[in-house]
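# Descriptive structure summary
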Amino acid sequence: MKSMTGFGRAKFENDGRMYNIEIKSVNHRYCDISVKLPRSISYLEEKIKKEMISNISRGKVDILVTFENNSAKGKNIKINKELARIYIEELKQLANENGINDNIPVTEISKFPEVLVIENVEDEEIIWKEVKNCLEEAINNFIIMRTQEGNKIKEDLEARLNEIKQKVSKISTYSTGLVEEYVVKLETRIKEILKTDIVDKERLNQEIVIYADKCSVEEELTRLESHITQFKKILKEDIPVGKKIDFLIQEMNREINTIGSKSGSLDITNLVIETKTELEDIREQIQNIE
């Protein structure tokens, strides 16, 4: 199990080229990846996204890549001679008009805008290989953190499921005696109203059958226990399970709500409320599961 919250960082340096990659993610319903790159290597955006998508299924992921090239390789220096001549002619004309020295050092001319141009002629395959090397390390660190967070969530979910299972067991125990309790109360009430010890057993049995059918929660308890077992199996799966668990929680809520509406027992009602609280806490937790 992995959390959708994570952070990973890596650095790589080779032949004067330095890379720094940071990856961070937060909860998101889908897989949303944003990549920020220097303009010189912006062509790698899609490749980086594909690499990231192959490692995650959900989350809002931001990837920041910095690149510094201090290597002389792949760099060409060119002088824009035409532009330099224009600068020289204009400066000489300015000097003649104002009676000043027109001796202009070539180094000064090179400092003017766009006279000296440094062109990067980098090998895209080499750059991508180096970026990928750094990216893989960052992703690995990122996945490790997401897994660690996921394991913590998993432990919390297992503990909450055990609590729910205990409450379901208590509800089952209480529900078993509901019919017997109702029979005693109904028979006593009839005797009080009619002021007689003689009760129409056939009519009483009909009422008992109707009540037993209305208040029976055996089906809901069976399904709820089945969902708990399924939940625990899902927690052991080595694949993204967030959406599965989200659906399962909806089903568990439906069953516990039905139990609450059927039962007239205060003890069961209290247990239903406690169970719904646990389910809500689980629902909040699983919003962070991939």
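On a predicted model such as this, the values are computed, not experimentally measured, just so you know. Going along each chain's sequence as written, the residues are numbered from 1 onward. Local features in a predicted model are, by the rule used here, given only for residues with pLDDT of at least 70; side-chain atom pairs are given and counted only at 80 or more, and totals for whole chains, interfaces and linings are based on all residues. Side-chain metrics rest on all non-hydrogen atoms present in the structure, leaving aside hydrogens and water.

## Thoughts on the nonpolar core
In a soluble, globular protein the nonpolar side chains are often hidden away together inside. Within the largest apolar cluster, 28 residues are counted, with the highest numbers of intra-cluster contacts made by Leu157, Phe231, Ile245 and Ile259. Of all elements in the fold, only α4 (124-176), α7 (218-235), α8 (242-262) and α9 (266-286) reach the threshold of two or more residues within this core. Only heavy atoms enter the contact rule, under which two residues are in contact if any of them lie within 4.5 Å. Discounting chain neighbours no more than four positions away, the residues touching phenylalanine 231 are Leu157, Leu161, Ile245, Leu248, Ile249, Met252 and Ile282. Core analysis: the next-biggest nonpolar cluster, separate from the first, contains 24 residues, Val35, Leu44, Cys134 and Ile143 among them. We define the nonpolar core as a collection of buried residues of types Ala, Val, Leu, Ile, Met, Phe, Trp, Tyr and Cys that are connected through side-chain atoms lying within 4.5 Å of one another. Exposure classes here rest on a 1.4 Å probe applied to the protein chains alone. A residue is buried below 20% of its type maximum, exposed above 50%, and partly exposed in between. The helix count covers DSSP runs of H or I at least four residues long, the strand count covers runs of E at least two residues long, and both are numbered beginning at the N terminus.

## A word on the pattern of salt bridges
Definition used for salt bridges: Asp or Glu carboxyl oxygen within 4 Å of a side-chain nitrogen of Lys or Arg. In the structure shown here, the tally under the stated rule is 19 salt bridges. The residue lysine 60 makes a salt bridge to aspartate 62 at a minimum N-O spacing of 2.9 Å. The closest approach of N and O atoms between arginine 160 and aspartate 156, which form a salt bridge, is 2.9 Å. Pair noted here: arginine 160 and aspartate 156 are both in helix α4, with a separation of four residues, about one helical turn. Salt bridges linked by common partners bring Asp156, Arg160, Glu278 and Asp281 together as one network.

## Examining the pairing of strand β2 (residues 17-26)
The alternating pattern of β2 places Arg17, Tyr19, Ile21, Ile23 and Ser25 on a buried face and Met18, Asn20, Glu22, Lys24 and Val26 on a face that is not buried. A pair of strands counts as paired when DSSP detects no fewer than two bridges linking them. Pairing between strand β1 (residues 6-14) and β2: nine bridges, direction antiparallel. Within β2, the position partnered with lysine 11 by the bridge is asparagine 20. The turn linking β1 back onto β2 is made up of two residues, and aspartate 15 within it adopts a positive phi angle of 55°. Across 10 bridges, the pairing between β2 and strand β4 (residues 59-69) is antiparallel. Residue pairing for β4: tyrosine 19 is matched across the bridge by phenylalanine 67.

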